[in-house]
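Results of the structural survey
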Amino acid sequence: MRFTIREPVKALSAGLALVFACVALSACNDVAGAPPSADASAQFAMRDDANIAGATVAIASVDGPPPEVSPRFRQSFDEAAATRRIAVAAPAKARYLVRGYLTASLIEGGAEIDVVWDVFTPDKKRAQRLSDAIAVKGAGDDAWAMIDDSALNSIAGKCADDLAAYLSNTPEAAPASAALSYAQ
């Protein structure tokens, strides 16, 4: 067997190409290209003294549900958001743009819906990632088929709760008592 300098150079070239590909692809894990927040899975508690009217949002998209579920979820979410006083605005006028992602998977005794909400500033920098998992009882081979209207309303309500809690912790959600003290 004859050894040539080409084999180590080929191996080194292939290794470097792999490293560069990994580095390049690692930047693709964020939808908007913005760096993730300090704690991507942080959950927030709803502040009772907050007024979230100033923290307007535009729901840019909700991806994941099948076509027969998607409009029902969106309607249910819109209703849940309204009851939680989430101010929805046109994208050009909103303080935050929100992209939602839902996935369903089979678990023992039913399905689990994993929800991710990416909240972006108008300049498309991710402000926060909210995530949750909601279990739904049922049986079958299709996780989405287990999601009836009652389950969908429950999922939408939990999503609205999570978003409202985050919004109540934004700078725009001035405490209601502070707003009253300025009006006096």
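Preceding this paragraph is the structure being described.
Nothing here was measured: the structure is a model prediction, and the numbers come from that model.

What counts and how
Residues numbered from 1 in each chain as written. Predicted model: local features only at pLDDT ≥ 70, side-chain atom pairs only at ≥ 80, totals over all residues. Heavy atoms only, no water. Pairing = 2+ DSSP bridges. Helix = DSSP H or I, 4+ residues; strand = E, 2+ residues; numbered from the N terminus. Axes fitted to C-alpha atoms, helices over the stretch in contact; angles between N-to-C directions. Contact = heavy atoms within 4.5 Å. Phe/Tyr/Trp six-rings, centres within 6.5 Å; stacked < 30°, edge-to-face > 60°. Buried < 20%, exposed > 50% of the residue type's maximum accessible area, 1.4 Å probe, protein only. Polar contact = N/O pair within 3.5 Å; in protein donor to acceptor, adjacent residues only side chain to side chain. Core = buried A, V, L, I, M, F, W, Y, C linked by side-chain atoms within 4.5 Å. Expected span 1.5 Å × (residues − 1). Arc of directions from axis to C-beta.

For the rest of this paragraph, the subject is the sheet that holds strand β2 (residues 96-107). With respect to topology, four strands assemble into an open sheet ordered β1-β2-β3-β4, the strand pairing being mixed. If you trace the sheet from one side to the other, it starts and ends with β1 (57-63) and β4 (126-137), each paired once. Between one strand axis and the next, the sheet turns by 20 degrees as a mean value, whatever way the strands run. Of the pairings in the sheet, the one linking β2 to strand β3 (residues 110-120) comprises eleven bridges and is antiparallel in character. Along β3, the bridge assignment pairs T103 with D114. Packing of helix α2 (residues 70-83) onto the sheet brings it into contact with β1, β2 and β3, and relative to β1 it is tilted by some 155 degrees. Contacts from helix α3 (residues 149-167) reach β1, β2, β3 and β4, with the element oriented near 155 degrees to β4.

One pass over the full model with this rule turns up three aromatic pairs. For the ring pair Y96 and Y166, a centre distance of 6.3 Å and an interplane angle of 80 degrees mean the geometry is edge-to-face. A residue pair is termed long-range when its members are at least 10 positions apart, and Y96 in strand β2 and Y166 in helix α3 qualify at 70 residues.

So, about the environment of D142. As for its placement among the helices and strands, D142 is situated in the loop between β4 and α3. Among the residues examined, D142 registers a relative accessible area of 43% and is labelled partly exposed. Distance from D142 to L106, taken between C-alpha atoms, is 7.3 Å for residues 36 residues apart in sequence. At a separation of 3.1 Å, a polar atom in the side chain of D142 contacts the main-chain amide nitrogen of W144.

With that out of the way, let us pick up the nonpolar core. Counting residues in each nonpolar core, the largest one holds 34 residues, and the members touching the most others are F73, F77, I86, W117, I155, L163 and L167. Elements represented by at least two residues in this core include exactly β1, α2, β2, β3, β4 and α3. With ten residues, α3 is the largest single contributor of residues to this core. Residues within four places of I155 in sequence aside, it is in contact with F73, I113, V115, I134, V136 and I147.

Three or four residues apart is the spacing at which side chains of an α-helix point the same way, because the helix has 3.6 residues per turn. Over its 14 residues, α2 extends 20 Å from the first C-alpha to the last, a length consistent with the 20 Å expected when each residue adds 1.5 Å. If you check which residues of α2 are buried, you get F73, S76, F77, A80 and A81. For α2, the angular spread of buried residues about the axis comes to 135 degrees, placing them on one side. Summarising the geometry of α2, the exposed residues directed more than 90 degrees from the buried face are Q75 and A82. Contacts from the buried residues of α2 go to β1, β2, β3 and α3. Just past α2, the residue R85 takes up positive phi, approximately 60 degrees.

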